[in-house]
Every structure is written in structure tokens, then in C-alpha cells.
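One-letter residues, chain by chain:
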Amino acid sequence: MLALEVEGLVKTFLVKRKPEGFKASVRSLLRPEWTEKTAVAGIRLKAEAGETLAFLGPNGAGKSTTIKMLTGILHPSSGHARVLGMVPWKERAALAFRIGAVFGQKSQLWYHLPPADTFELLSRMYELGRADYLRRRDELVERFELGPYMQTPVRKLSLGERMRCEIAAAFLHRPELLFLDEPTIGLDVIVKRRIRELIAERNREEGTTVFLTSHDPSDIEQLCRRAVVIHHGTVIFDAPVERLKREVLTCKTVRLKLRDGARLLEKLPGGVRAAEAGPSAWRLSVDTTTASIEDVLAAFVGHCAIEDMTIEDPPMEDVIRAVYEGKAGGRPAEEGTV
Amino acid sequence: MSTAVSLTGGRGSRIRRAAGIARYVLTCWKLNLAAAMEYRASFFMLAVMMFVNNCIWLVFWAIFFNRFPAVNGWELRDVMLLWGISAGGFGWSSVLFGNYPRIAPIVANGELDVFLTQPKPLLLNVLVSRMSLTAMGDFLFGVAIYALAGEHTLIGAAKYALGLLISGLLFLFVTLAAGSLAFFFGHAEGMAFQLFNGLVALSTYPTDIFKGTARIVLFTVLPAGFISYAPIGLLRRFDGTFVWLAAAAVAAFGLLAVSLFAVGVRRYTSGNRMAMRG
Amino acid sequence: MMTPALAKWHKYRAVGIITVKQQLHYRVDFIVRALFLLLILFIFIHLWRAAYTSSGSETIEGFALNQIIWYLVFAEAVTMACPQLCVRIEEEVKQGEVAVRLIRPIAYNGFHYMTYLAEAGLRFIVQLAAGSAIAWAYMGSPLFGWGWAGLAALLPGAFTVAFLLNLAVALLAFWVEETRGMEFVLQKLNFTVGGMLLPLELMPDWLERVCGWLPFQAVLYFPARMGVAFDGGRLAAFLLTQWGWAAALAVLCAFIYRRGVRKLNVNGG
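Reading guide: rules and limits
Residues numbered from 1 in each chain as written. Chains lettered and ligands numbered in written order. Predicted model: local features only at pLDDT ≥ 70, side-chain atom pairs only at ≥ 80, totals over all residues. Heavy atoms only, no water. Domains from an automatic or database assignment. Contact = heavy atoms within 4.5 Å. Buried area = accessible area lost by both parts, 1.4 Å probe. UniProt positions renumbered as here; feature names shortened; annotations may be inferred. Helix = DSSP H or I, 4+ residues; strand = E, 2+ residues; numbered from the N terminus. Buried < 20%, exposed > 50% of the residue type's maximum accessible area, 1.4 Å probe, protein only. Salt bridge = Lys/Arg side-chain N within 4 Å of Asp/Glu carboxyl O. Polar contact = N/O pair within 3.5 Å; in protein donor to acceptor, adjacent residues only side chain to side chain. Pairing = 2+ DSSP bridges. Axes fitted to C-alpha atoms, helices over the stretch in contact; angles between N-to-C directions. Core = buried A, V, L, I, M, F, W, Y, C linked by side-chain atoms within 4.5 Å. Parallel < 35°, antiparallel > 145°, perpendicular 65-115°, else oblique. Left-handed = near helix turned anticlockwise from the far one by under 90°. Nonpolar A, V, L, I, M, F, W, Y, C, P; charged D, E, K, R; others polar.

Draft legend 1. Examining the domain arrangement of chain B more closely. Residues and elements named next belong to chain B. As assigned here, chain B comprises domain 1 (1-38) and domain 2 (41-277). Using C-alpha coordinates to define each centre, domain 1 is positioned 27 Å away from domain 2. Taken together, the contacts link 10 residues of domain 1 with 14 residues of domain 2. Carbon and sulfur atoms make up 78% of the area that domain 1 and domain 2 hide from each other, which totals about 1000 Å².

Draft legend 2. Inspection of the UniProt feature "transmembrane region" (unreviewed entry) in chain B at higher detail. All names here are of chain B. Under the UniProt annotation, "transmembrane region" (unreviewed entry) lies at residues 43-68, 80-102, 122-148, 160-185, 216-235 and 241-265. The span residues 80-102 is 74% helix and 0% strand, and its two end C-alpha atoms sit 28 Å from each other. Taken end to end, residues 216-235 is 65% helix and 0% strand, and its first and last C-alpha atoms sit 22 Å apart.

Draft legend 3. Fine view of the domain arrangement of chain A. The domains assigned to chain A are domain 1 (2-10 + 40-247) and domain 2 (251-312). Averaged C-alpha coordinates put domain 1 of chain A and domain 2 of chain A at centres separated by 37 Å.

Draft legend 4. Inspection of unusual backbone geometry at higher detail. Residue and element names in this part refer to chain A. Phi is positive for leucine 84, which is not a glycine, with a value near 50 degrees. With respect to the helices and strands, leucine 84 occurs in the loop between β4 (78-83) and α3 (92-96). By relative accessible area, leucine 84 is classed as buried at 7%.

Draft legend 5. Up close: the interface of chain C and chain A. Taken together, the contact pairs 36 residues of chain C with 35 residues of chain A. When the two sides are added together, the surface that chain C and chain A hide from each other amounts to roughly 3200 Å², 62% of it contributed by carbon and sulfur. Together, Ile18(C), Ile103(C) and Arg104(C) form the three largest contributors to the area buried by chain C at its contact with chain A, with a combined 21%. Joining chain C to chain A, the criterion identifies 2 salt bridges. For the pair chain C and chain A, the number of links is 10 residue pairs in polar contact (both at pLDDT 80 or more).

Draft legend 6. Up close: the sheet that holds strand β9 (residues 234-240) of chain A. Residues and elements named next belong to chain A. A sheet is described by the order of its strands in space; here 6 strands give the open sequence β5-β6-β7-β3-β8-β9, paired in mixed fashion. Looking at strand neighbours, the two that pair on one side only are β5 (99-103) and β9, the edges of this open sheet. Direction aside, the axes of adjacent strands within the sheet are offset by 15 degrees on average. When strand β8 (residues 226-231) meets β9, the two strands line up antiparallel, connected through 6 bridges.

Draft legend 7. Region of interest: the nonpolar core. Counting 209 residues, the largest nonpolar core has Phe211(A), Trp61(B), Phe64(B), Phe44(C) and Trp48(C) as the members making the most contacts within it. Beyond its immediate sequence surroundings of up to four residues, Phe211(A) is in contact with Leu4(A), Leu45(A), Leu53(A), Phe55(A), Ile67(A), Leu70(A), Leu177(A), Leu178(A), Phe179(A) and Leu180(A). Core analysis: the next-biggest nonpolar cluster, separate from the first, contains 62 residues, Val141(A), Phe144(A), Ala169(A) and Ile195(A) among them.

Draft legend 8. Seen up close, the pairing of strand β3 (residues 52-56) of chain A. Residues and elements named next belong to chain A. Counting buried positions over the 5 residues of β3 gives 5, a clear majority of the element. Bridge analysis of β3 against strand β7 (residues 209-214) gives 5 bridges, and the strand direction is parallel. Its bridge partner being in β7, leucine 53 is matched across the sheet by phenylalanine 211. Bridging between β3 and β8 involves 4 bridges; their strand directions are parallel. Looking at β8, one finds that leucine 56 is bridged to valine 229.

Draft legend 9. Seen up close, the sheet that holds strand β11 (residues 272-276) of chain A. All names here are of chain A. Ordered by their spatial adjacency, 4 strands build an open sheet running β11-β12-β10-β13, and the pairing between neighbours is antiparallel. Strands with a single pairing partner mark the edges of an open sheet, and in this sheet they are β11 and β13 (306-312). Strand after strand, the sheet turns through a mean of 25 degrees between neighbouring axes, direction not considered. Looking at chain direction, strand β10 (residues 251-258) and strand β12 (residues 281-287) are connected through 7 bridges and run antiparallel. Note on β12: the bridge partner recorded for threonine 253 is serine 285.

Draft legend 10. Representation of the environment of Ala41(A) in the model. All names here are of chain A. Turning to its location among the elements, alanine 41 is positioned in strand β2 (residues 33-48). According to the relative accessible area criterion, alanine 41 is partly exposed, its value standing at 23%. Taking C-alpha positions, alanine 41 is 43 Å from aspartate 132, a pair spaced 91 residues apart along the chain.

Draft legend 11. Just the packing of helix α10 (residues 221-228) of chain C against helix α11 (residues 232-263) of chain C, in detail. All names here are of chain C. The interhelical angle for the contact between α10 and α11, taken along N-to-C directions, is 165 degrees, at an axis separation of 11 Å. Here α10 is positioned roughly antiparallel relative to α11, judged by the angle of their axes. Relative to α11, the crossing made by α10 is left-handed. Contacts from Tyr221, Phe222, Pro223, Arg225 and Met226 in α10 reach Arg234, Leu235, Phe238, Thr241 and Gln242 in α11. Per-class residue counts for the contact of α10 with α11 are 6 nonpolar, 2 polar and 2 charged.

Below, the structure is given as C-alpha cells:
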């Protein structure tokens, strides 16, 4: 069964132009100028039920706008979409019972109250039976390890704790399809990892279709099986994450800081290139198609006195560039904007 | 500042400095206005809104005086002029020195830090760095009331201008003094805001409906009386005692406000708020 | 098994309950509003006293001084109880929080109606207590007999009409950036032609007639007037007028909402 079916979805906004300078502002006060901005320019997309799909793109690529159209919040300028068989902007209320959404920067929890109160409200909102609700709540509290936070006012929770509550709350009514818009933004690495695990677990156990947007490639690697990259409002890459990893996310950046006086290896291992060299600080680019990151790290750890080390994914901008440069052979965009 | 200038003549340097400050203040006003223009829709609306608001109060008073032609010697025209002076005075002071009602939160939130690092007189710098848009409507309302109900002679205009000056300065100084309490007490924000609200509200009702203690309060702690009595004591007939007392009140509150602020700044600890939050 | 109607009732009731819970955390705001109410009442007690003394008569248009002051207490308590709906919806649209609302299986307008009623009800009790304290001290006890029942009967309709008037304006936030201006005008209309500062009877006849054709009277004048001078015959008329306006405004709001939600631009795309 298809959870999502999107064809030629377009959304344009009118944006007021704000000119600089005093006189120009006075003039535009009387006669403002409008320009049309295309946020989503004809997206085509399909997703099977039970899939975990990553929706990637830099800021302003049209990710959130797409989610908002698929949840029925925004009406598209043109195009078609079916979500769980329904047209979201026409059957928003009916669809709302069957989907869930978490917006990373917009809380659904009531600020001054403990999460337990919001859970109670949501149980009524989604018209859950009492016994069923209580069982489900306890199950989620246990899985998400929310016990200590359920009775604490939300304003006193840390961002990571709050986010765990937000996501658990979104699963309360057993949505068939869950939209996650930047769910890990602003969180530290460990919390991010934990949240990804929890989402993946729900997907495995309940078959929830997950539609996730992010500009952090590591979100996708750990959570999703399929990646869709959008840029300037169109899909430029759509293939299994494996392929994205193999063909696009082919390098990792390793930053090394050596102890005073320590030297780096005489000869770098195969597949490793020094992007920035210094006596004690190095930035190395590791080609993961030819070298495994574990081996590379083992080589360094075994032979150099290391003070600090970080491993980073390439930024989204590099991913996009790689897609454009044709390294990736995923389904290209219908109408490229290159 | 270069030492050469101060050696050649202290007076010249002082004038130069004053000119520098004046240029700075003018630039602030110009920038505030340009910033207001950025929010073009709000700008006119806010000003018009205040204007309408004041007009609606006049409607109330018109209905009121339709029932009771005179209350303790006050007639509709007096209350109109009272609103003109109160709103007009509040208007010009909040347009030019828009930060004065916000002194307490500025102090409490540690927002003075930015101003403290700038080479311009602190208090003046704080005051001119914001412009109240709604107050533009208040000021224009004051002018419109004068045009409608004021005495259109040279002396009449001068008296009205004096009324605006007194009222604007009183709003400025009393609120500033109340706001400066935030330097000394932890929770002065709410109190300062209440005092400000009380002052504004009380300055729009005829002074003569109050008797006894309430009246004493109006001419001392919350000196709204010096604004609200102006239609009688300044405009209707020039009452020397009232006008001199009003001028003295302005001076006294001015002195109080500036000294409270000056003493307060020495106690200013921008960091304490953060410590409390932790 | 719950019937759909029962589930709906539970849904909206839950919104009301959580609103009251959250509101209880804004104690400082309650006190600030109550203090302002005290100041205004203090001024008006003096103003009306002076006016009655000047006029030399015991009653004006059938209102004794005592009744005029308590009228003001009731009207002000309702006014101060009303939440700032426009600010809230405008912020929701600007900050994009409207997204969090719209993905829920609950009517957007219905959600806000419940939070409005819950908040207004709670605040009304607080404001009434504060206002009563000062009016009682200056004017003596409010022995209005059935008046209190009349007041209570008219309150739900009053808050409903107030909500719908505000909602009609607030929903314009879907089109324009700024709704405060219009909210302001609305508020001022309530102050004057709604009869907040004085009962409609005290207005010039022509204006009283105009006010009779407007919805604003249903918010403040109806409950406050019935509170200080009960009139069984007019109560029915008041109720009918109130809910008639509520129905008409509800249709208008539904219309605006339906058009607005298609135009919606949610920020943060």
C-alpha cells in the first residue's frame, strides 16, 4: 500500500519586497511591491507504508513547506497529493486522526504544565478509549524512559528531555504516518542518537511510516532506508540511503589534534587525504569507499599521540554539490534547476 | 577625545562635545523613524489606532457631559483640553525618548550593557534609542485637540505648549524615577509599570473629582494632578501658583530621576539576573 | 464504548481543563490586572459621586449611584476577563505554531473557543472578587437579588459573542501581518457602544437606538445591566438577542476561516 503519493506539487508565496533607505520605505508604505517566490516547484514522490524516508535539503529548499502541504496545513498552488489515500488539504480533519507530526522548533507540550497533562489532552483529542490510553501511555513512558519527567513542568525540562516527550506524545495515537520536521535540531550527539533509536524502534515494531526532514546527514544514515534530496523545491536525488552513502556521502572529515611535539604518520593510509595540514591540527578527508573509518582511526590511535579527535559528515551543501556533479546515479530531477 | 583640544580651551571642546551629542541624538531619531518605516503596515495603523482610541474617550466624555453639563466646575471643553495636554505630552516624550517607560525591564534584564560600552551620555543614549509608534498618534491627537478646542491666540498657543512641556516632562521624569528603582530592588519591574499606568490613567480625569487624601496623592507621589489641573490652572486662567508649583514639581522629579539613575548605575550588576535564572 | 458525541464533548472539555491548569500559573498577571481594575474603579467611584452630587438627584434614568458603580464592576470584570485572542492567533500565524494546531483532529475555531471560555471564566471570578472588594467598601453590599442569577445566565452568551467578535478580527491574521489595529477598534467599540463605561440608558436617545442594533451590547451591557436591575421580561429578550448574534457571528467566522485557511502562509518553510 502506498502511504504517500505526490505528483507535481507546487507552492508559491507572495513576498513583500522591503527596499532600503528612508525614502524608498515611505514609498513602499503606500505602494508595496510584491515578488513571487517558489518554495516547492513540482515535487514527485512515492512512499510505501512502513518505509522510513529521509527528506533532505539545505535550509529553504522547501522541506517544511512540503510537509505542511502533506499534513493539510497549506493548500498547494497546484499539483496532487494523496496521504493514506486522502487529499490532505481537503480531508485534513479525517487525516489528522491517522497521522502525527513533530516540528522540532514548535512544541506541542503545554509550557507550564507537566507532559502528563498534555498526554491526557491528546488522549481526548484523538478520542482514545481510557483503558487503551493508559496502557499505551505507560508503554511509551517505559520505552522512551520518561518516568522522571512526566510530572515535571515542561519549562523545567532540558531540550533533549522535552524532545523525547514530544516524540512519545506524537506516537500516542498510533499514527500510521509520522512526519518529523528537524526533530534533532539543536540536540547534542548522544541525545540525537537516542532519539533516532527510539523512532527506528517504533517503525520496526508498529510499522509506522516515518517521513523525516533534516539537514543533518547522520540523521538519515541511522534512521532511514531511503533518501530524497530536494533543492530549490525539486527532487534531485531519490534512492536507497545505501546508495546515497556509497555514491554521495563517500567521505568523512576527521579532525585530529595532536599532543605537543607529536608527529602524524609518515605516510597516510590509503584513501586518506590531508585537506588541511598543520604541525598539531589536521583535517583529513577519508574516502569511505576505499578505506573503512575504523581502520583509519585504528592506524592513528595506534601510532600518534592524539589529544582530540572528531569525525564529521560532509555538510549538506557538499552532498548537494556531489549530486549535481553527477557522482550519484539516483533518479534525477524531472526538471533540473541547474 | 584629544588632549590638544582641551588644552586650547575647555569651552571650545565642550561645545564640540555637545554638538557631537546633538548630532548623535538626531541620528538616533532619524534611524528610529527609518526603522519604523520598515514595518510600514504597523506604522500608520498604530498611530491611527491611538488617535482613534483617544477620540473614543472623548465620545464617552461627550455623553457624560451631555447628562451632567458641569461636574465640580468642569465642562466638556476642559476635559477635551485635558486629554489634549495629557496625550500630547505623553506623545512627544514617548516619540523622542521612547525608552523611558522601559527603564525597569532594561535594568533588570541587563540590557544596559550595550549602552555602557558606547561613548555617549548613558541616560540620554538609552532614552533616545527607541521611538514609540503609538505615541505619534497621541501627539497628533494633542495637536488636533488644540486646533479644535484650544485658544487660537499667540498667548493661547504658548500656554498650550507650556502645558505639553510640563506634562511630557512629568511623564518622563516620574516614570524614569520609578523605573530606576529596579537598580535597587529585585522586583521593581511590576511596581514601576503599575506606577506608570496609574500616572497615565489618573492624568486623564478631572482633578476636582478627587478630595482629601486622593487629591494630596495627585500632587505628590503620583503627580498626575499637575497635568490634569492644567486645563483650569493654566489654560482657562493663568494661575501663577499652580504653574510655578508645576514647574517646581517637574524640576524636583527631574532631579530625583536623574540622581536615582546616576546612583543606581553605580550599583548596576548586569549579571545578577542570569545568576537568578540558573 | 464512547459515542462520537461523547468523545467530542470529552475532547473539548479536556481543552478547557488544561487551559485552566495552565492559566493558574499566571498569578502575577492576575494581580496586575486586578490592581488596574481597582485603580479604574477608584477613579470612577469618585467621578460618579461628583456627577450625582452635581446633578442633585438620587437616580439618573432609574440608576442609583450604587447601581452605576456595580454596573461598572460587572462590565469591567467581563472586559478584563477577556483574553487577547488577536495577539494569540497573530503570534500563532507568525511563529508558525498554527501548524501544531492544524495537524490535530480538532476544529481550529473550536479549540480556541474552549481556551477562551476557560480562561475568561477563571479570570472573571478573580476580577469580580477584586472589583467587589472596592465597590463593597465604598458603596455597600450588592443586594441585587435575582440580578445575580440574571448576570450568571447572560455570561456564557456574553463571552461567546466577545469571542466571536474577536475571532472574526483575529482570523484576518491569515491575510494581513497586523490585526492589533482592528482589535483595538473593536475593544473601543465595546467600551463605548457596548456600554462598558455607562449603561446604554444614559446615552442620548439616538445613540441608544443605534447601540440596540449592534452586537456589542450583548457582551457588557446585557449581563451588567441585568446584574444591577433584574427584569424577568427583558432577560428572555436579552438571551435571545445574545444567542442570535452568536449564531450570526459564528456563520461569519466559519466563512472567514474557510477562506483564510486556504490563503495561509505558514512561516518557517
